[in-house]
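Descriptive analysis of the structure
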Amino acid sequence: MRVFRSKSPDGPFVDSTGRSACFGKSDRTNEYVGTKVMGNYKFSCNETAYMACGHCSFFRDDDGKSYLIYHARFDDNTEYHEVRVHQLYYNEQSWPIAAPYEYSGDEISQSGYSKNDMAGTYEFVWHGTDNGTTPIASKEITLGINGKISGDVTGTWSAKSESPYCTINIDGIEYSGYFLKMHDESKSGKQVMTFAATGNNNIVIWGSKTKDAEVIEATPILNNATYTFEC
C-alpha cells in the first residue's frame, strides 16, 4: 500500500519525495515510488507476523475520523487472511499515517502527552520502501528525556507543545508524525504509548513502548534540598 496526493482530482499525484504516481517508460519497479503505508512486520505482542497487507479502502466517518481497511496474511505458510482496521491520523504536513495497532476505540490526545509518558524504550519498526516478502525485524531504541535517541538507531526527537505531533531525526532524515497511547494486540490488550511518523523519503516508522524512562533520585547536595534527575 502506497500513498500519493494531489491538490486537484485531475492530478498530478505525487509522493512525499515529489515523484509522480505515473510510471515512466524506463520504470521497472515501484519500490522507490509512493509513500509506503506499511510492510511485513511483527511486534512482540503479535503471535505471527503480518504479511501482504493490501487490497485497501479508505473510509472517513461522519465525525471526521479516518480509517484504513485492508486485509493481511500471516507468516504461517497459508493463504488465510483477515480484514483489519487501523485509524489514520495526519502529520503536520498533512500526510496520512496509519496507527501501529489495529483500531480498538483509542483516541488521540489533542493536547499531547507528558514527556515522561513519551520517553522510554520502544520496539521500533522501520518499514523501508521495498516490496520484500520477509517480515521486518523490530529493533530496540530509547527516546531519552534529554531528546536523544539511543539503541539500534541514534538521533534526536522532540514533541510539539500541547499537541500529539512529534519530530524524529534519524540518520539525517526528519520524520514527522504523532504520539498515540493505544491498546496493543496482546491477549490482555495492554495500553502502551506508540508513535508513527513519515519522512520525505517515502518511509514510515512505528514505535511501541516497552519500558518507561528511568528516574534517578540524587542525594541532597545544596541547602538540604533533594534533586531528581531524569534520563
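Structure: see above.
By convention here, each chain's residues receive numbers from 1 onward along its written sequence. Reporting of local features is limited, given that this is a predicted model, to residues whose pLDDT is at least 70; pairs of side-chain atoms are given and counted only at 80 or more, and all residues count toward the totals for whole chains, interfaces and linings. Note that the side-chain values use all heavy atoms of the structure and ignore hydrogens as well as water.

Attention now moves to the environment of Pro12. Counting through the fold element by element, Pro12 comes out in the loop between strand E1 (2–3) and strand E2 (35–36). With a 1.4 Å probe rolled over the protein chains alone, any residue whose accessible area is under 20% of its type maximum counts as buried; one over 50% counts as exposed, and the rest are partly exposed. Note on Pro12: relative accessible area 65%, which makes it exposed. Separated by 52 residues in sequence, Pro12 and Gly64 have C-alpha atoms that sit 25 Å apart. In this description, contact between two residues means that some pair of their heavy atoms is separated by no more than 4.5 Å. Setting aside residues no more than four positions away along its own chain, Pro12 makes contact with Arg5 and Ser6. Runs of E in the DSSP output that reach at least two residues are strands. Runs of H or I that reach at least four are helices, and both are numbered from the N terminus.

This paragraph deals with the sheet that holds strand E3 (residues 50–60). Note: two strands are recorded as paired if DSSP finds a minimum of 2 bridges between them. Taken in spatial order, the four strands make up an open sheet running E3-E4-E5-E6, and their pairing is antiparallel. Since the sheet does not close on itself, it has two edges, and those belong to E3 and strand E6 (96–98), each with one partner. Direction aside, neighbouring strands of the sheet carry axes that sit 35° apart on average. When strand E4 (residues 66–74) meets strand E5 (residues 82–90), the two strands line up antiparallel, connected through seven bridges. If you follow His71 over to E5, its bridge partner there is Val83. The axes used here are C-alpha line fits, helices contributing only the stretch in contact, and every angle between their N-to-C directions lies in the interval 0 to 180 degrees.

Our next topic: unusual backbone geometry. That bond from Gly11 to Pro12 is cis: its omega, 5°, falls within 30 degrees of zero. A positive phi angle, near 50°, is found at His55, a position not held by glycine. With respect to the secondary-structure elements, His55 resides in strand E3. Not every positive phi belongs to a glycine, and Asn202 is a case in point at roughly 70°. Inspection of the secondary structure puts Asn202 in the loop between strand E13 (191–199) and strand E14 (204–212).

We now examine a nonpolar patch on the surface. A grouping of Phe59, Ile69 and Val83 is seen on the molecular surface, where their side chains present a nonpolar patch of about 250 Å² in accessible area. Relative to the assigned elements, Ile69 resides in strand E4. In this scheme, patches are assembled from residues that exceed 30% relative accessible area and form no salt bridge. Like charges are connected within 9 Å, while nonpolar side chains (Val, Leu, Ile, Met, Phe, Trp, Tyr) are connected within 5 Å. Surface accessibility follows the Shrake-Rupley procedure with a 1.4 Å probe radius. Residue values consider only the protein chains on display as shielding. What makes a salt bridge here is a side-chain nitrogen of Lys or Arg within 4 Å of a carboxyl oxygen of Asp or Glu, nothing more.

Here a cavity means grid points, on a 1 Å grid over the protein atoms only, where a 1.4 Å probe fits yet cannot get out; a pocket means an open set of points with protein on both sides within 12 Å along at least five of seven lines; lining residues are those with an atom within 4 Å of a point. Grid points are joined across faces, edges and corners, and a volume is the space filled by probe spheres set on the points. All chains considered together, the criterion is met by one cavity of 30 Å³ or more. Of the pockets and cavities examined, the largest cavity occupies roughly 40 Å³. If you trace the largest cavity, you find it lined by Gln87, Tyr89, Ala99, Tyr101, Tyr103, Ser104, Asp106, Leu180 and Met182. Where the lining of the largest cavity is concerned, the elements lending two or more residues are E5 and strand E12 (173–183). Three classes are used: nonpolar for Ala, Val, Leu, Ile, Met, Phe, Trp, Tyr, Cys and Pro, charged for Asp, Glu, Lys and Arg, and polar for all others, with Gly counted as polar. For the lining of the largest cavity, the per-class residue count stands at six nonpolar, two polar and one charged.

Now for the nonpolar core. One broad trend across soluble globular proteins is that nonpolar side chains are buried collectively. In this structure, Met38, Tyr41, Ile168, Phe179, Phe195, Ile205 and Trp206 are the most contacted members of the largest nonpolar core, which totals 52 residues. Sequence-distant contacts of Phe179, that is, excluding residues within four places in its chain, are made with Ile108, Tyr113, Met118, Tyr122, Leu143, Trp157, Ala159, Pro164, Cys166, Met193, Thr194 and Phe195. As used here, the term nonpolar core means buried Ala, Val, Leu, Ile, Met, Phe, Trp, Tyr and Cys residues forming a set that is joined through side-chain atoms within 4.5 Å.

What the eight strands build is a closed barrel, ordered E7-E8-E9-E10-E11-E12-E13-E14; its pairing is antiparallel. Taking each pair of neighbouring strands and ignoring which way they run, the sheet shows an average axis angle of 30°.

Turning next to the packing of aromatic side chains. Think of it this way: a Phe, Tyr or Trp ring, Trp meaning its six-membered ring, pairs with another when their centres are within 6.5 Å, and the plane angle makes it stacked under 30 degrees, edge-to-face over 60, tilted otherwise. Enumeration over the complete set of coordinates arrives at 14 aromatic pairs. Between Phe43 and Trp206, the aromatic rings sit 6.3 Å apart at their centres with planes inclined by 20°, giving stacked as the arrangement. Of this pair, Phe43 sits in the loop between E2 and E3 while Trp206 sits in strand E14, and the two are 163 residues apart along the sequence. A relative accessible area of 0% places Trp206 in the buried class. Taken together, the aromatic side chains of Tyr41, Phe43, Tyr50, Phe74, Tyr80, Tyr101 and Trp206 make up a single cluster linked through ring pairs. Directly above the aromatic system of Tyr50 lies the positively charged group of Arg84, at a separation of 3.9 Å from the ring centroid. The ring of Trp157 carries the charged tip of Lys115 above its face, separated from the ring centre by 5.9 Å. We call a charge positioned above a ring when the Lys NZ or Arg CZ atom is no farther than 6 Å from the ring centre and deviates by at most 35 degrees from the ring normal.

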